[in-house]
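This is what each chain is made of:
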Amino acid sequence: QVQLIESGGGLVHTGDSLRLSCAVSGPTTSTYGLGWFRQAPGKEREFVAAFHWRGDWTNYAASVRGRFTISRVNNNTGYLEMNRLQVEDTAIYYCAATTRVRVVEPKRYIYWGQGTQVTVAS
């Protein structure tokens, strides 16, 4: 069973930066990629960024492209570097793993972390 644990969330102000981490354990070779998603109060969970572990694909949501950067260390740690944060980025952020290729839909990800809260104050 693949397990994911997010960390690094917190309270920041507009324009600040924050780095989220996702520690992945278990049979990670069974997964093909890692994604970051977020869910704000009253809204559906939305795609933020994703990559393949082997490094041949990366994708970002339009709302974060140029501000957020997804990266990895080996095949068991993922990061989401968030710069120039805005109030609209406030949400619970989740990392998730998938066995599929080039997917951004939450339903295609089968392993999920518990989430970490990011709050951006003006």
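How each quantity is defined
Every chain is numbered independently, its residues counted from 1 as its sequence is written. Where local features are concerned, this predicted model is filtered to residues with pLDDT of at least 70; where side-chain atom pairs are given and counted, the filter is 80 or more; whole-chain, interface and lining totals use all residues. Processing note: side-chain calculations cover all non-hydrogen atoms of the structure and skip hydrogens and water entirely. Centre distance within 6.5 Å is the pairing criterion for rings of Phe, Tyr and Trp, where only the six-membered ring of Trp is used; planes under 30 degrees apart are then read as stacked, over 60 as edge-to-face, and the remainder as tilted. A run of H or I in DSSP counts as a helix once it spans at least four residues, and a run of E counts as a strand once it spans at least two, with each numbered from the N terminus. Whether a residue is buried, partly exposed or exposed follows from its accessible area with a 1.4 Å probe, protein chains only, as a fraction of its type maximum: under 20%, in between, or over 50%, in that order. Each ring is checked for a lysine NZ or an arginine CZ that lies within 6 Å of its centre and within 35 degrees of its normal; such an atom marks a charge sitting over the ring. In this description, strands pair whenever DSSP reports at least two bridges between them. Simply put, an axis is a line fit to the C-alpha atoms, just over the touching stretch for a helix, and the angle between two N-to-C directions goes from 0 to 180 degrees. When a carboxyl oxygen of Asp or Glu lies within 4 Å of a side-chain nitrogen of Lys or Arg, that pair is called a salt bridge. Disulfide assignment relies on a single distance test, namely cysteine sulfur atoms paired within 2.5 Å.

Draft legend 1. Local environment of the packing of aromatic side chains. Scanning all chains against the criterion turns up six aromatic pairs. Where Phe37 meets Phe47, the ring centres are 5.9 Å apart and the plane angle is 70 degrees; that geometry is what we call edge-to-face. Residue Phe37 is found in strand β4 (residues 33-39), and its partner Phe47 is found in strand β5 (residues 46-52); the two are separated by ten residues along the sequence. Accessibility classification places Phe37 together with Phe47 in one group, the buried group. Seen from their ring centres, Tyr94 and Trp112 are 6.2 Å apart, and the 80 degrees between their planes marks the pair as edge-to-face. Highlighted residues: Tyr94 in strand β9 (residues 91-98) and Trp112 in strand β10 (residues 111-112), separated in sequence by 18 residues. Here Tyr94 falls in the buried class, since its relative accessible area comes to 11%. On the accessibility criterion, Trp112 (27% relative accessible area) is partly exposed. Over the aromatic face of Tyr79 sits the side chain of Arg19, whose NZ or CZ is 4.2 Å from the ring centroid.

Draft legend 2. Looking closely at the environment of Gly42. The residue Gly42 is located in the loop between β4 and β5 in this model. Judged by relative accessible area, Gly42 falls into the exposed class, the value being 88%. C-alpha of Gly42 to C-alpha of Trp57: the two residues are 15 residues apart in sequence and 31 Å apart in space.

Draft legend 3. The arrangement of the sheet that holds strand β3 (residues 18-25) in detail. One open sheet holds the four strands; their spatial order is β1-β3-β8-β7, and the pairing between them is antiparallel. Strands at the two margins of the open sheet, each flanked by one partner only, are β1 (3-7) and β7 (68-73). For this sheet the average axis-to-axis angle between neighbouring strands, irrespective of direction, equals 20 degrees. One ladder, built from five bridges, connects β1 with β3; its direction is antiparallel. Residue Ser7 lies in a different strand from β3, and its bridge partner there is Ser21.

Draft legend 4. Highlighting the pattern of salt bridges. Considering all chains together, one arrives at four salt bridges under this definition. Notably, a salt bridge pairs Arg38 with Asp89, separated by 2.9 Å at the nearest N-O pair. Placement of Arg38 in strand β4 and of Asp89 in the loop between β8 (77-82) and β9 is noted, with a sequence separation of 51 residues between them. Salt bridges sharing partners connect three or more residues here, namely Arg38, Glu46, Arg67 and Asp89.

Draft legend 5. Up close: the state of the cysteines. Enumeration over the complete set of coordinates arrives at one disulfide. A sulfur-sulfur separation of 2.1 Å characterises the disulfide bridge that pairs Cys22 with Cys95. The sign of the S-S torsion, about 70 degrees, decides the handedness of the disulfide formed by Cys22 and Cys95: right-handed. Of this pair, Cys22 sits in strand β3 while Cys95 is found in strand β9, placing the two residues 73 residues apart along the sequence. Across the pair, exposure class does not vary: Cys22 and Cys95 are buried alike.

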